[in-house]
Amino acid sequence: MELDTDEGGAGEAVGAPRRGPWRQVLARFWRRPLGVAALAVVGSLFGVALLAPVIAPYPVGQISIELIQHPQAPLAAHHLLGTDVLGHDYLTQLLFAVRETMLSAFLCALLATSVGAAVGLLAGYFRGAFETASSFLMQLVVAVPAIAGEEFARRRRWSAQGRYLPQRGWAYGQVLL
């Protein structure tokens, strides 16, 4: 029996019904446990963000008058993570902070995707000087944090060569992008 390995070496039998491209992407994704774990974490954070008003033990601005200037320690009877000096419940603040953080992260990702797609379409359409300039600007945007991180690491003497952050941290982040 012959195997068809045209698309990424999947090894499907010739004559077998071919899967669509989205099914192939999903099948490849589910085989990677780190990606599945990351999806679970991000999904649970979005779930917490959406359900923050429901699962928060207290309203977001509520002040416990009796706890002003007498903050509760964590694992107290009514305040799982404790309170601050104004009587705000830390768990409630944390749940609503996750909500705001996930909303701003989603909006930033949406904006970056929109701008990147628009610039990429324009660079592909106009070619020539615009393509060269936009490619140079993209390389500059990618390089500046690495240069700044290298200088920061060199001044802090975090590594022998002064290059630990850009080589280890930024390079890996660049691969993910």
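Above this note sits the structure.
Overview of the structure. Per-chain numbering applies: the sequence of each chain, read as written, is numbered from 1 onward. Residue-level local features of this predicted model are given only where pLDDT is at least 70; pairs of side-chain atoms are given and counted only at 80 or more, and the full residue set underlies all totals for whole chains, interfaces and linings. Values shown for side chains rest on all heavy atoms present in the structure; no hydrogens or waters enter the calculation.

**Some points on the environment of Gly47**
Here Gly47 is to be found in helix H2 (residues 33–55). For the pair Gly47 and Arg99, spaced 52 residues apart in sequence, the C-alpha separation works out to 9.2 Å. The secondary structure listing takes helices from DSSP runs of H or I that are at least 4 residues long and strands from runs of E that are at least 2 residues long, numbered from the N terminus.

**Side note on the packing of H2 against helix H3 (residues 90–126)**
Helix axes are fitted only over the stretch in contact, all axes being lines through C-alpha atoms; the angle between N-to-C directions runs from 0 to 180 degrees. Two elements in contact, H2 and H3, have axes separated by 8 Å at closest approach and are oriented at 130 degrees. Judged by the inter-axis angle, H2 sits oblique to H3. Classified by chirality, the crossing of H3 by H2 is left-handed. Residue-level contacts link Val42, Leu45, Phe46, Val48, Ala49, Ala52, Pro53 and Ile55 of H2 to Leu95, Phe96, Val98, Arg99, Met102 and Phe106 of H3. Ten residues, namely Ala, Val, Leu, Ile, Met, Phe, Trp, Tyr, Cys and Pro, are considered nonpolar, four, namely Asp, Glu, Lys and Arg, are considered charged, and the remaining ones, Gly among them, are considered polar. Among the residues forming the contact of H2 with H3, the class breakdown is 13 nonpolar, no polar and one charged. Should an angle fall under 35 degrees it is called roughly parallel, over 145 degrees roughly antiparallel, and 65 to 115 degrees roughly perpendicular, with every other angle called oblique. Definitions for this section: a left-handed crossing has its near helix turned counterclockwise from the far helix by less than a right angle. A right-handed crossing has that turn clockwise. Only heavy atoms enter the contact rule, under which two residues are in contact if any of them lie within 4.5 Å.

**Remarks on the packing of aromatic side chains**
Pairing of aromatic rings covers Phe, Tyr and Trp, the last counted by its six-membered ring, and requires centre-to-centre distances within 6.5 Å; plane angles under 30 degrees mean stacked, over 60 mean edge-to-face, and any other angle means tilted. Applying the stated rule across the entire model yields three aromatic pairs. A ring pair is formed by Tyr125 and Phe126, whose centres lie 5.0 Å apart and whose planes are at 80 degrees; its orientation type is edge-to-face. The pair Tyr125 / Phe126 is uniform in exposure class, with both members exposed. Taking 6.2 Å as the distance between ring centres and 75 degrees as the angle between the ring planes, the aromatic pair formed by Phe126 and Phe130 counts as edge-to-face. Judged by relative accessible area, which is 36%, Phe130 ranks as partly exposed. Relative accessibility decides the category of a residue: with a 1.4 Å probe and only protein chains considered, values under 20% of the type maximum give buried, values over 50% give exposed, and everything between is partly exposed.

**A closer look at the environment of Leu81**
Summarising the element assignment, Leu81 is placed in the loop between H2 and H3. Exposure remark for Leu81: the relative accessible area of 34% places this residue in the partly exposed category. Taking the C-alpha atoms as reference, Leu81 lies 10.0 Å from Gln93; in sequence the two are 12 residues apart. Beyond its immediate sequence surroundings of up to four residues, Leu81 is in contact with Pro74, Tyr90, Leu91 and Leu94.

**A look at unusual backbone geometry**
Only a minority of non-glycine residues have a phi that is not negative, and only a minority of peptide bonds are not trans. Despite not being glycine, Arg127 has its phi angle at roughly 50 degrees, a positive value. With a relative accessible area of 49%, Arg127 lands in the partly exposed category.

**Remarks on the side chain of Thr83**
Among the secondary structure elements, Thr83 is positioned in the loop between H2 and H3. If we skip the residues at most four places from it in the chain, Thr83 touches Leu67, His70, Pro71, Gln72, His88, Asp89 and Tyr90.

**Here we look at the nonpolar core**
Nine residue types can take part in a nonpolar core, namely buried Ala, Val, Leu, Ile, Met, Phe, Trp, Tyr and Cys, and a core is a set of them joined through side-chain atoms within 4.5 Å. By size, the foremost hydrophobic cluster in this structure holds five residues: Ala52, Ala56, Leu91, Leu95 and Phe96. If one sorts the elements of this core by residue count, H3 sits on top with three residues. Those residues within four positions of Ala56 in sequence are excluded, and the remaining contacts are Thr92, Leu95 and Phe96.

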